[in-house]
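Residues per chain, in single letters:
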Amino acid sequence: MRIEQKKTIKVDELAEFVPRKAGATWSALWQIFYYTRLFKYVHKKHYPKIKKSFDKICTHDKLQKMCSLGYLRSPQRDIYCATDKVLPILRETGFKTEILPSQPIGKGDINELNNTDIFVKLTKLEHFYALVYPNFGYIIPDALMIQLDSKSKKYKLTFIEVEAQKPNWSEYVEKKRENYHKLSRDIRVFEYWKNICEKLTIKPPDIKDLSFTVSFYGSIKKDFGIGFTFENI
């Protein structure tokens, strides 16, 4: 993701979390807030995997203090969510808060943290821009990844499925393939993406030109043909 900031935003009550002499920056703190909100549930161990420099800020004591100030919430030990209190700051710093997920209300259980493991890896992909979380009723992806080339304005859409082994695993994944084929013919996916385009101020495609791919992350392997990939965790 490319983040451009034209001014430095500072919040007095958060100054203690930015040890400038140790190399920490206000920009890093805002990115911590952004990624915490973007991924919904973040374990303390995830922060240095996103950026090593986050270690300067994301100590246990500092994260707990941010919770006491209302910027973060900790539903379980070492697991953090970003509250709505971070949104005005992120908007002021130039982040596209319109596409961020709602404030999480869950506990950050194992499936949610498995998702975050994959989401962190996705940030390392070329032209990674953001994740959004659509719900189409008959199929609810773990996320939709947006890769955006800021120069050409070209983008790629990939639905993300993080699959842990379960009973009737093969049949379960086959059903998902059927539903994604159904989604490719469903106007709701076009309407959803058009709405996201408006929020990102990028030109939406013609309905006939909209396309997407699907990536499954897990130990299962299938040959679903063009448009589907399976990645080992």
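Residues numbered from 1 in each chain as written. Predicted model: local features only at pLDDT ≥ 70, side-chain atom pairs only at ≥ 80, totals over all residues. Heavy atoms only, no water.

Visitor: Which residues make up the state of the cysteines, and what are the values?
Guide: A full pass over the atoms with the stated rule returns zero disulfides. For the unlinked cysteine cysteine 81, the closest cysteine sulfur is that of cysteine 67, found at 8.8 Å. In this structure cysteine 81 comes out as buried when scored by relative accessible area, which is 1%. (Disulfide = S-S within 2.5 Å. Buried < 20%, exposed > 50% of the residue type's maximum accessible area, 1.4 Å probe, protein only.)

Visitor: Break down the sheet that holds strand β3 (residues 79–82) for me, with residues and values.
Guide: Strand pairing within a sheet occurs via backbone hydrogen bonds; the two strands may be parallel or antiparallel. One open sheet holds the three strands; their spatial order is β1-β3-β2, and the pairing between them is antiparallel. Every interior strand has two partners, whereas the edge strands, β1 (42–43) and β2 (72–76), have only one. Pairing between β1 and β3: two bridges, direction antiparallel. Within β3, the residue paired with valine 42 across the bridge is tyrosine 80. (Pairing = 2+ DSSP bridges. Helix = DSSP H or I, 4+ residues; strand = E, 2+ residues; numbered from the N terminus.)

Visitor: Please set out the pattern of salt bridges residue by residue, giving values where relevant.
Guide: A complete count under the given rule lists 13 salt bridges for this structure. Between arginine 77 and aspartate 78 there is a salt bridge; the shortest N-O distance is 3.9 Å. Owing to a relative accessible area of 17%, aspartate 78 belongs among the buried residues under this scheme. Lysine 166 is paired through a salt bridge with glutamate 163; the nearest N and O atoms lie 3.3 Å apart. Connected through shared salt-bridge partners, Glu161, Glu163, Lys166 and Lys176 make up one network. (Salt bridge = Lys/Arg side-chain N within 4 Å of Asp/Glu carboxyl O.)

Visitor: I'd like a rundown of the pairing of β3, residues and numbers included.
Guide: The alternating pattern of β3 places Ile79 and Cys81 on one face and Tyr80 and Ala82 on the opposite face, and all of these are buried. In this structure, β2 lies alongside β3, joined through three bridges in antiparallel fashion. Looking at the pairing, leucine 72 lines up with alanine 82 of β3. The turn linking β2 back onto β3 is made up of two residues, and aspartate 78 within it adopts a positive phi angle of 70°.

Visitor: Got a sec to walk through the packing of aromatic side chains? Specific residues and values, please.
Guide: All chains considered together, the criterion is met by 19 aromatic pairs. Relative to phenylalanine 212, the ring of phenylalanine 159 has its centre 4.9 Å away and its plane inclined at 85°; by these criteria the two rings are edge-to-face. Pair noted here: phenylalanine 159 is in strand β6 (residues 155–162) and phenylalanine 212 is in the loop between α7 (187–200) and β7 (213–217), with a separation of 53 residues, a long-range link. When sorted by exposure, phenylalanine 159 lands in the same class as phenylalanine 212, which is buried. Positioned above the aromatic ring of tyrosine 133, the side-chain terminus of lysine 40 is 4.1 Å from the ring centre. The cationic tip of lysine 182 hangs over the ring face of tyrosine 138; the distance from NZ or CZ to the ring centre is 4.1 Å. (Phe/Tyr/Trp six-rings, centres within 6.5 Å; stacked < 30°, edge-to-face > 60°. Lys NZ or Arg CZ within 6 Å of the ring centre and 35° of its normal.)

Visitor: An account of unusual backbone geometry is needed here, citing residue identities and associated values.
Guide: For lysine 40, which is not a glycine, the phi torsion comes out positive at approximately 75°. Along the polypeptide, lysine 40 turns up in the loop between α1 (26–39) and β1. For lysine 40, a relative accessible area of 26% puts it in the partly exposed group. The backbone of aspartate 78 shows a phi angle near 70°, a positive value even though the residue is not glycine. Among the structural elements, aspartate 78 can be located in the loop between β2 and β3.

Visitor: Describe the nonpolar core, listing the residues and the values that go with them.
Guide: With 77 residues, the main nonpolar core has Leu14, Trp30, Phe33 and Leu131 as its most contacted residues. The greatest single-element share of this core, amounting to ten residues, is contributed by α1. With residues up to four places along the chain from it excluded, the contact list for phenylalanine 33 reads Leu14, Met66, Tyr71, Leu72, Ala82, Val86 and Leu90. (Core = buried A, V, L, I, M, F, W, Y, C linked by side-chain atoms within 4.5 Å. Contact = heavy atoms within 4.5 Å.)

Visitor: Any chance you could break down helix α3 (residues 60–68) for me, citing the residues and the numbers?
Guide: Turning to α3, its buried residues number three or more, namely Lys62, Leu63, Met66 and Cys67. One face of α3 carries all of its buried residues, which in axial projection span an arc of 145°. Along α3, the residues that are exposed and aim more than 90 degrees away from the buried face are Asp61 and Ser68. If you follow the buried residues of α3, they end up packed against α1, α2 (47–50), β2 and β3. Backbone geometry just after α3 places glycine 70 at a positive phi near 95°. (Arc of directions from axis to C-beta.)

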